[in-house]
Amino acid sequence: QMPMIGSSKFGGSVDSLSSSRILNPPPPLPKGKNKLLMYFESRQFDRTRNPSREQVQSWSQNFEILLKDRYGITLFQTYLRTEYSEENIQFWIACGNYRTLNGIKKLTKEAHRIYTTFLSVQAPKEVNLDSKTRLQTIDSIRVPNKFTFETAQKRIQALM
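All values reported here derive from a predicted model rather than from experimental measurement.

### Brief notes about the packing of helix α6 (residues 86–98) against helix α7 (residues 104–119)
For any two helices packed against each other, one specifies the inter-axial angle together with the distance between the axes.
Line of reasoning, step 1. Two numbers describe how α6 lies on α7: the axes approach to 11 Å, and their chain directions differ by 170°. Considering the angle they form, α6 stands roughly antiparallel to α7. Touching E87, Q90, F91, A94, C95 and Y98 of α6 are L107, E110, A111, R113, I114, F118 and L119, all from α7.
Line of reasoning, step 2. Within the contact of α6 with α7, the residues separate by chemical class into nine nonpolar, one polar and three charged.

So, in structure tokens, the structure goes:
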């Protein structure tokens, strides 16, 4: 079983569906098809616990629906892993969890963790932000609040 990456009210456990059937590389995609939709449709789901075909199709129509669905976010993370950009969804989840924290000590500690994990130069899971957004976010970490990572999170969501 894969290690737990994190949990979130925005999608449940990030790696909660770590079975071999969703970790296999995706099959080749027909030209003209939505690559993400085709990837999701190619997965073999346990229909008693996992999303229906209609649910998967709704994700391709509205990204916000996917990001609010625990199976959607887990499968999307698996998809991003095949595209070598899994750090984007991990950063997005970390930012969402950050906004739920209360107290300056918790915000400061988590802001530092997010910075060292995703934003610092040569961070282990460095996300690709434009320099203006990166500098603005780093500057706002000095006096953290619930919206410290909001702009950066939106930029990364646009990349996904």
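### Concerning the pattern of salt bridges
Line of reasoning, step 1. If you walk through the whole model with that rule in mind, you get six salt bridges.
Line of reasoning, step 2. D130 is paired through a salt bridge with R155; the nearest N and O atoms lie 3.4 Å apart. Note that D130 is positioned in the loop between α7 and α8 (131–141) and R155 in helix α9 (residues 150–159), a separation of 25 residues in sequence.
Line of reasoning, step 3. Residue R155 is classed as partly exposed on the basis of its relative accessible area, which comes to 42%.
Line of reasoning, step 4. Between K154 and E150 there is a salt bridge, and its shortest N-O distance comes to 4.0 Å. Taken together, the positions of K154 and E150, both in helix α9 and four residues apart, correspond to about one turn of that helix.

### Considerations on the packing of aromatic side chains
Line of reasoning, step 1. The tally for this structure, following the rule as stated, stands at five aromatic pairs.
Line of reasoning, step 2. Taken together, a centroid distance of 5.5 Å and an interplanar angle of 65° make the contact between F91 and F118 edge-to-face. Placement of the pair is F91 in helix α6 and F118 in helix α7, with a sequence separation of 27 residues. Like F91, the residue F118 is buried in the burial classification.
Line of reasoning, step 3. Relative to F149, the ring of Y98 has its centre 4.9 Å away and its plane inclined at 90°; by these criteria the two rings are edge-to-face.

### Comments concerning the confidence of the model for the chain
Line of reasoning, step 1. For the chain, mean pLDDT is 77; residues scoring 70 or higher make up 69% of the total.
Line of reasoning, step 2. Mean pLDDT across the elements of the chain bottoms out in helix α1 (residues 20–23) (38) and peaks in α7 (97).

### Concerning α9
Line of reasoning, step 1. Those residues of α9 that fall on the buried side of the exposure criterion are A152, Q153, I156 and Q157. Take α9 and look down its axis: the buried residues cluster within an arc of 135°, on one side only. Of the exposed residues in α9, the ones pointing more than 90 degrees away from its buried face are K154 and A158.
Line of reasoning, step 2. Tucked inside the fold, the buried residues of α9 contact α4 (63–68), α6 and α8.

### Re the nonpolar core
Line of reasoning, step 1. Ranked by internal contacts, the top residues of the largest apolar core, which has 15 residues, are F91, I114, F118, L119, V127 and F149.
Line of reasoning, step 2. Elements with a contribution of two residues or more to this core: α6, α7 and α9.
Line of reasoning, step 3. Leave out the neighbours within four places in its chain, and V127 touches E87, N88, F91, F118, L119, R134 and I156.

### Some details on the side chain of T148
Line of reasoning, step 1. Inspection of the secondary structure puts T148 in the loop between α8 and α9.
Line of reasoning, step 2. Within the structure, T148 has its side chain in polar contact with the side chain of Y98 (distance 3.4 Å).
Line of reasoning, step 3. Here the side chain of T148 touches N145 through a polar contact of 2.8 Å, landing on its backbone nitrogen.
Line of reasoning, step 4. Those residues within four positions of T148 in sequence are excluded, and the remaining contacts are Y98, T137, S140 and I141.

Thresholds, definitions, all that
Residue positions within a chain follow its written sequence, with the count starting from 1. Totals for whole chains, interfaces and linings use every residue, but because this is a predicted model, local features are given only for residues with pLDDT of at least 70 and side-chain atom pairs only at 80 or more, for both listing and counting. Hydrogens and water molecules were not included; the side-chain quantities draw on all heavy atoms of the structure. Angular values range over 0 to 180 degrees, each being the angle between N-to-C directions of two axes fitted as lines to C-alpha atoms, with helices fitted over their stretch in contact. Helix numbering and strand numbering both begin at the N terminus, where a helix is a DSSP run of H or I of at least 4 residues and a strand a DSSP run of E of at least 2. Just so you know how the angles are binned, under 35 degrees is roughly parallel, over 145 roughly antiparallel, 65 to 115 roughly perpendicular, and the rest oblique. Working rule for contacts: check all heavy atoms of both residues, and any pair within 4.5 Å makes them a contact. Polarity classes work like this: nonpolar for Ala, Val, Leu, Ile, Met, Phe, Trp, Tyr, Cys and Pro, charged for Asp, Glu, Lys and Arg, and polar for all others, with Gly in that last group. Think of a salt bridge as a Lys or Arg side-chain nitrogen and an Asp or Glu carboxyl oxygen that are within 4 Å of each other. Each residue's exposure class comes from its accessible area (1.4 Å probe, protein chains only) as a fraction of the maximum for that residue type: buried when under 20%, exposed when over 50%, partly exposed otherwise. By convention, a stacked pair of Phe, Tyr or Trp rings (six-membered ring in the case of Trp) has centres within 6.5 Å and planes under 30 degrees apart, an edge-to-face pair has planes over 60 apart, and any other such pair is tilted. Known as pLDDT, the predictor's per-residue confidence is scaled from 0 to 100. This arc describes the spread of directions from the helix axis toward the C-beta atoms. Here, nonpolar core means buried Ala, Val, Leu, Ile, Met, Phe, Trp, Tyr and Cys residues that are tied together by side-chain atoms lying within 4.5 Å of each other. Two N or O atoms form a polar contact when they lie within 3.5 Å of each other; inside protein one atom must be a possible hydrogen donor and the other a possible acceptor, and for residues adjacent in sequence the pair counts only when both atoms belong to side chains.

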